[in-house]
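# Structural description and commentary
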Amino acid sequence: MVLLLVFIQVFHVKMLSSGAYVKIQDGKSPFTISSIVAFSTFGYVAAQFLMSYMLTDSVFMIILMMAYTVVSIVTAYLSTFVHRYIYIQRNNEKVLKMYPDFGKPKDFRKFG
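In this report, we go over the structure that sits alongside the text. What you see is a predicted model; the values in this text were computed from it and never measured.

Attention now moves to the overall build of the protein. Across its full length, the protein carries five helices and zero strands. Secondary structure elements of the protein occur, N-terminal to C-terminal, as α-α-α-α-α. Taking 13 Å as the expected radius of gyration for a compact globule of 112 residues, we find that the protein reaches 19 Å, considerably beyond that expectation. With the C-alpha coordinates aligned to their principal axes, the bounding extent of the protein is approximately 55 × 35 × 25 Å. In the protein, which comprises 112 residues, the proportion classed as buried is 11%. A total accessible area of about 10100 Å² is found for the protein, and carbon and sulfur atoms account for 72% of it. Between the mean site of the 11 positive side-chain charges and the mean site of the 5 negative ones, the protein shows a separation of 8 Å.

A word on the pattern of salt bridges. One pass over the full model with this rule turns up one salt bridge. Among the ionic pairs, Lys104 bridges to Asp101, the shortest N-O distance being 3.7 Å. Since its relative accessible area comes to 36%, Lys104 is described here as partly exposed.

This next bit is on the packing of aromatic side chains. Here the structure, examined in full by the defined rule, presents two aromatic pairs. Aromatic pair Phe7 and Phe11: ring centres 6.1 Å apart, planes at 20 degrees, arrangement stacked. Residue Phe7 and its partner Phe11 are located together in helix α1 (residues 2-18), separated by four residues, close to a single helical turn. Judged by relative accessible area, Phe7 falls into the exposed class, the value being 53%. For Phe11, a relative accessible area of 43% puts it in the partly exposed group. Where Tyr77 meets Phe81, the ring centres are 5.0 Å apart and the plane angle is 75 degrees; that geometry is what we call edge-to-face. Placement of the pair is Tyr77 and Phe81 together in helix α4 (residues 59-90), with a separation of four residues, close to one helical turn.

On to the environment of Val71. Its place among the elements puts Val71 in helix α4. Considered as a pair, Val71 and Asn92 are 21 residues apart in the sequence and their alpha carbons are 31 Å apart.

Turning to the environment of Lys110, a few remarks are in order. Residue position: Lys110 is located in the segment after α5 (92-98). When the C-alpha positions of Lys110 and Pro100 are compared, they lie 9.3 Å apart, and in sequence the two are 10 residues distant.

Taking 1.5 Å of rise per residue, the 17 residues of α1 would be expected to cover 24 Å, and the 24 Å separating its terminal C-alpha atoms lies within 8% of that figure. Just past α1, the residue Gly19 takes up positive phi, approximately 80 degrees.

We now examine α4. Compared with the 46 Å implied by 1.5 Å per residue over 32 residues, the 47 Å span of α4 between its first and last C-alpha is a close match. Residues of α4 that are buried: Ile62, Thr69 and Ile88.

Here we take up a nonpolar patch on the surface. Among the surface-exposed residues, Phe49, Leu50, Met51, Tyr53, Met54 and Leu55 lie close enough to one another that they form a single nonpolar patch of about 730 Å² accessible area. Structurally, Met54 is set in helix α3 (residues 33-55).

What counts as what
- Residues numbered from 1 in each chain as written.
- Predicted model: local features only at pLDDT ≥ 70, side-chain atom pairs only at ≥ 80, totals over all residues.
- Heavy atoms only, no water.
- Helix = DSSP H or I, 4+ residues; strand = E, 2+ residues; numbered from the N terminus.
- Rg over C-alpha atoms; globule rule 2.2 N^0.38 Å.
- Buried < 20%, exposed > 50% of the residue type's maximum accessible area, 1.4 Å probe, protein only.
- Areas by Shrake-Rupley, 256 points an atom, 1.4 Å probe, with all protein chains shown as cover.
- Lys, Arg positive; Asp, Glu negative; His and termini not counted.
- Charge placed at Lys NZ, Arg CZ, Asp CG, Glu CD.
- Salt bridge = Lys/Arg side-chain N within 4 Å of Asp/Glu carboxyl O.
- Phe/Tyr/Trp six-rings, centres within 6.5 Å; stacked < 30°, edge-to-face > 60°.
- Expected span 1.5 Å × (residues − 1).
- Patch = residues over 30% accessible without salt bridge, like charges linked within 9 Å, V, L, I, M, F, W, Y side chains within 5 Å.

Keep in mind these numbers describe shape, not what the thing actually does.
Right, dumping it as structure tokens:
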């Protein structure tokens, strides 16, 4: 567990120092935030399943762990959308200044 925490911290520092986070936010990276979140989620669920399978023989316990994992991930995912919605509602002028096509129908947006 400690090795995992050390690895994540070293990885995070390298990503910060190389400017990878800025490239991801600007869309210049082949990776996107949604793909990173999807792979992280899949890895988390797979690790929970493997740990539950190795430590218990109860199928009911494994199902409960998987349900808890899904509920945790859905809650985290939805909370980001709630915070984004609240930010947009409170700062509509800033959002429209930064993204002038925000809220327009798809036919009236200017792409590129």
